Amino acid sequence: AKSLGGSRYVIYDESMQALGASRLQMETDLRSALKNDEFVLHYQPIVELKTSEIVGFEALVRWRSRPDSELIYPDQFIKIAEDSGLIVPIGAWVLRQACSVMCTLQQEFPRERPLTINVNLSSRQFSQLDLVHQIGRVVSETCILPGTLGLEITESVTMDDTDRTAAVVAELASAGVHVSIDDFGTGFSSLSYLHRFPIHVLKIDRSFTGRIDFDAESLAIVRTIANLARDLGMDVVAEGVETKAQAARLKSLDCKFGQGYFYSPPLDETSVRRLLHSQEMP
Ligand code: C2E
Ligand code: CA
Ligand code: CA
Ligand code: CA
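Within each chain, residues carry numbers counting from 1 in the order of the written sequence. Chain letters and ligand numbers both follow the written order, the letters beginning at A and the numbers at 1. The predicted nature of this model means local features are confined to residues of pLDDT at least 70 and side-chain atom pairs, given and counted, to a pLDDT of 80 or more, with totals for whole chains, interfaces and linings taken over all residues. Each side-chain value is worked out from all heavy atoms of the structure, with water and hydrogens disregarded.

### Let's talk about the coordination of the calcium ion (ligand 3)
Coordination of the calcium ion (ligand 3) by the protein is provided by Asp182 (OD), Asp183 (OD), Glu239 (OE) and Glu239 (OE), with metal-donor distances spanning 2.2 to 2.5 Å. Here the term donor refers to an N, O or S atom within 2.8 Å of the metal (or 3.2 Å for Na, K and Ca), and because water is left out of the atoms, sites may appear incomplete. Taken in sequence order, the residues that donate to the calcium ion (ligand 3) follow the motif D-D-x55-E. Here the calcium ion (ligand 3) and the calcium ion (ligand 2) are spaced 3.8 Å apart, and both take Asp182 as a donor. One end of the pair, Asp183, is in strand E6 (residues 178-184); the other, Glu239, is in the loop between strand E8 (235-238) and helix H11 (244-252), and 56 residues separate them in sequence. Secondary structure is summarised from DSSP: a helix means a run of H or I of at least four residues, a strand means a run of E of at least two, and numbering begins at the N terminus for each.

### Focus: the coordination of the calcium ion (ligand 2)
On the protein side, the calcium ion (ligand 2) has Glu58 (OE), Asn120 (OD1), Glu152 (OE) and Asp182 (OD) as donor atoms, found 2.1 to 2.3 Å from it. Spacing between the donor residues of the calcium ion (ligand 2) along their common chain follows E-x61-N-x31-E-x29-D. For every residue, the accessible area obtained with a 1.4 Å probe (protein chains only) is divided by the maximum for its type, and the residue is called buried under 20%, exposed over 50%, and partly exposed between those limits. With relative accessibility at 28%, the residue Asn120 sits in the partly exposed group. On the basis of relative accessible area, Asp182 is assigned to the buried category, the value being 8%.

### Describing the pattern of salt bridges
The working definition used for a salt bridge is a side-chain nitrogen of Lys or Arg within 4 Å of a carboxyl oxygen of Asp or Glu. Overall, the coordinates contain 13 salt bridges when judged by the stated rule. Linking Asp83 and Lys79 is a salt bridge whose minimum nitrogen-to-oxygen distance equals 2.8 Å. In this pair, Asp83 and Lys79 both sit in helix H2 (residues 78-84), four residues apart, roughly one turn of the helix. With its nearest N and O atoms 3.9 Å apart, the salt bridge here joins Arg137 to Glu141. Pair noted here: Arg137 and Glu141 are both in helix H5 (residues 131-141), with a separation of four residues, about one helical turn. Residue Arg137 is classed as partly exposed on the basis of its relative accessible area, which comes to 40%.

### A look at the site of ligand 1
For this description, a residue counts as near a given molecule or strand if any of its non-hydrogen atoms is within 4 Å of it. Not every one of the 22 residues close to ligand 1 is listed here, only the nearest: Gln44, Arg62, Arg206, Glu242 and Tyr261. Under the rule applied, a polar contact is a pair of N or O atoms within 3.5 Å (in protein, one hydrogen donor and one hydrogen acceptor; residues adjacent in sequence only if both atoms are side-chain atoms). The side chain of Arg62 places a nitrogen or oxygen atom 2.8 Å from an oxygen atom of ligand 1. Within the side chain of Asp182, an N or O atom sits 3.0 Å from an oxygen atom of ligand 1. Working definition of accessibility: Shrake-Rupley area with a 1.4 Å probe, residue cover restricted to the visible protein chains. Contact with the protein chains covers 84% of the free accessible surface of ligand 1, which is 810 Å². Under a 2 Å grid-point criterion requiring more than half of the atoms, the pocket assigned to ligand 1 is the largest pocket. Breaking the shell around ligand 1 down by element, the ones donating at least two residues are strand E2 (53-65), helix H3 (87-108) and E6. Broken down by element, the residue count for the shell around ligand 1 peaks at four residues, all from E2. Residue composition of the shell around ligand 1, by class: nine nonpolar, five polar and eight charged. As defined here, a cavity is a set of points on a 1 Å grid over the protein atoms alone where a 1.4 Å probe fits but cannot get out. A pocket is an open set with protein on both sides within 12 Å along at least five of seven lines, and residues line them when an atom is within 4 Å of a point. Just a note on the criterion: a molecule sits in a pocket or cavity if more than half of its atoms are within 2 Å of the grid points. Throughout this entry, Asp, Glu, Lys and Arg are counted as charged residues, while Ala, Val, Leu, Ile, Met, Phe, Trp, Tyr, Cys and Pro are counted as nonpolar. The remaining residues, Gly among them, count as polar.

### Considering the confidence of the model for the chain
Of all residues in the chain, 93% attain a pLDDT of 70 or more, and the chain-wide mean is 91. What pLDDT conveys is the predictor's confidence in a given residue, as a value from 0 to 100. Only heavy atoms enter the contact rule, under which two residues are in contact if any of them lie within 4.5 Å. Note on residues 1-12: pLDDT under 50 across the span, and nine contacts to partners over four residues away in sequence or across chains. Interface confidence for the predicted complex, expressed as ipTM, amounts to 0.97; the pTM equals 0.92.

### So, the layout of surface pockets
Grid points are joined across faces, edges and corners, and a volume is the space filled by probe spheres set on the points. There is about 1,300 Å³ of room inside the largest pocket. Lining the largest pocket we find 41 residues, and of these Glu58, Leu60, Pro74, Asp75 and Asn120 sit closest to its centre. Those elements that provide at least two residues to the lining of the largest pocket are strand E1 (39-48), E2, H2, H3, helix H4 (123-126), strand E5 (149-154), helix H6 (155-160) and E6. It is E2 that provides the largest number of residues to the lining of the largest pocket, a total of five residues. When grouped by side-chain class, the residues that make up the lining of the largest pocket number 15 nonpolar, 12 polar and 14 charged. Approximately 400 Å³ is the volume found for the second largest pocket. What lines the second largest pocket is a set of 15 residues, and nearest its centre among them are Val55, Thr116, His178, Asp235 and Phe257. For the lining of the second largest pocket, the elements supplying multiple residues, two or more each, are strand E4 (116-120), E6 and E8. When grouped by side-chain class, the residues that make up the lining of the second largest pocket number six nonpolar, six polar and three charged.

### Overview of the state of the cysteines
To count as a disulfide, a pair of cysteine sulfur atoms needs to be within 2.5 Å. Across all of its chains, the model carries one disulfide by this definition. Note that Cys103 is cross-linked by a disulfide to Cys143, the S-S spacing being 1.6 Å. Taking the sign of the torsion about the S-S bond as the criterion, the disulfide between Cys103 and Cys143, at about -75°, is left-handed. Taken together, the residues Cys103 in helix H3 and Cys143 in the loop between H5 and E5 connect sequence positions 40 residues apart. Under the relative-accessibility criterion, Cys103 is labelled buried at 1%. Look at Cys143 and you get partly exposed, because its relative accessible area is 45%.

See the structure below:
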C-alpha cells in the first residue's frame, strides 16, 4: 500500500485502513493487469451425460499476476472488479478472447453440432445499454460460428428489471446467442417469471449436485429443476459433478448435461486441444 500515504485514512482504525488500502491496491493492480494483458482464460468442458461427449466449454477467467506469475482465481478479484466497474472492460476482454479461441477450436475440431462456448456475464455488464450491440460486434468480428455463443447470468440479474431482462434475452436469442441461468436454485428468481424469458439452459448449482447421493432434499430439488426445465423446453446442465455416482444419478433424472471435476477441471488452451484430440472421458 505504498502508493496510499497521506491523511485520507486517519479516521479509520488500523484494520479498516488495511482493508481499504488493499482494496484500492487491488483496483490499481487490476487496472494495470488489464493494460498488461495479464488475464487468461481456462475452459471447462460441458459434457452430454449419456454419451460423455464434450459439447462445449465454459470460459473461466484467471489472473496471471506479475511479477511472480502466480495464478489468481476469480473468487479473489471478481467482487472487487464488479464493485469498481472494472468488470466491464475485463468482461469485454473475456468475451472477445473466448469467441476468438472458440473460433479456432471450431475450425480444428469440426463437428456436426459445433462446439459451444459459454461466457459469464456480471450484472454490471448486463446493465450496459449497448450490451446486445457489443456482443453482436464481437460475434461478427471473430469467426465464431453462429448459434454457438452462450451467456451465463445469475437469477439476481434476471430479477433486477424483469421487463428489460425479457427484452434483452429475446434480442440475444434472435441474434443466435443463448442464455443460461447460472447457479440455478440458489437465488431468488420467481418461477412465474422464468417462462417470460427465452432462457435456453438452467445450470443447477453445484451445492445441490454435490449432495444428491445422500441428501433427499437436494435430490428432490435437482429432480424438480430437471422436470421444470424439460416442461419449459430448456436444457439442464448440472454443475460440480465430481463422482461417477453423481453422474449416474443425474442421468437417471434425465438431466442431459454435466460439468465438473469428474469429467475435467477447467483447462488451458493447450490442454483443451489435447483433450479434444483424445476425447477420453470417464
Ligand atoms: P461459476 O460460474 O459458478 O463457475 C464454476 C466454478 O466452479 C468455477 O470456479 C469452476 O472451476 C468450479 N468448478 C467446476 N467444476 C467443479 C467441481 O466439480 N467441484 C467444485 N467444487 N468446483 C467446480 P472458478 O473458475 O474459480 O470461478 C468462480 C466464479 O467466478 C464463477 O463461478 C463465476 O461466478 C466467476 N467467474 C469466473 N470467470 C468469470 C468471468 O469471466 N466473468 C465473470 N463475471 N465472472 C466470472
Ligand atoms: Ca458460470
Ligand atoms: Ca455456476
Ligand atoms: Ca458460482
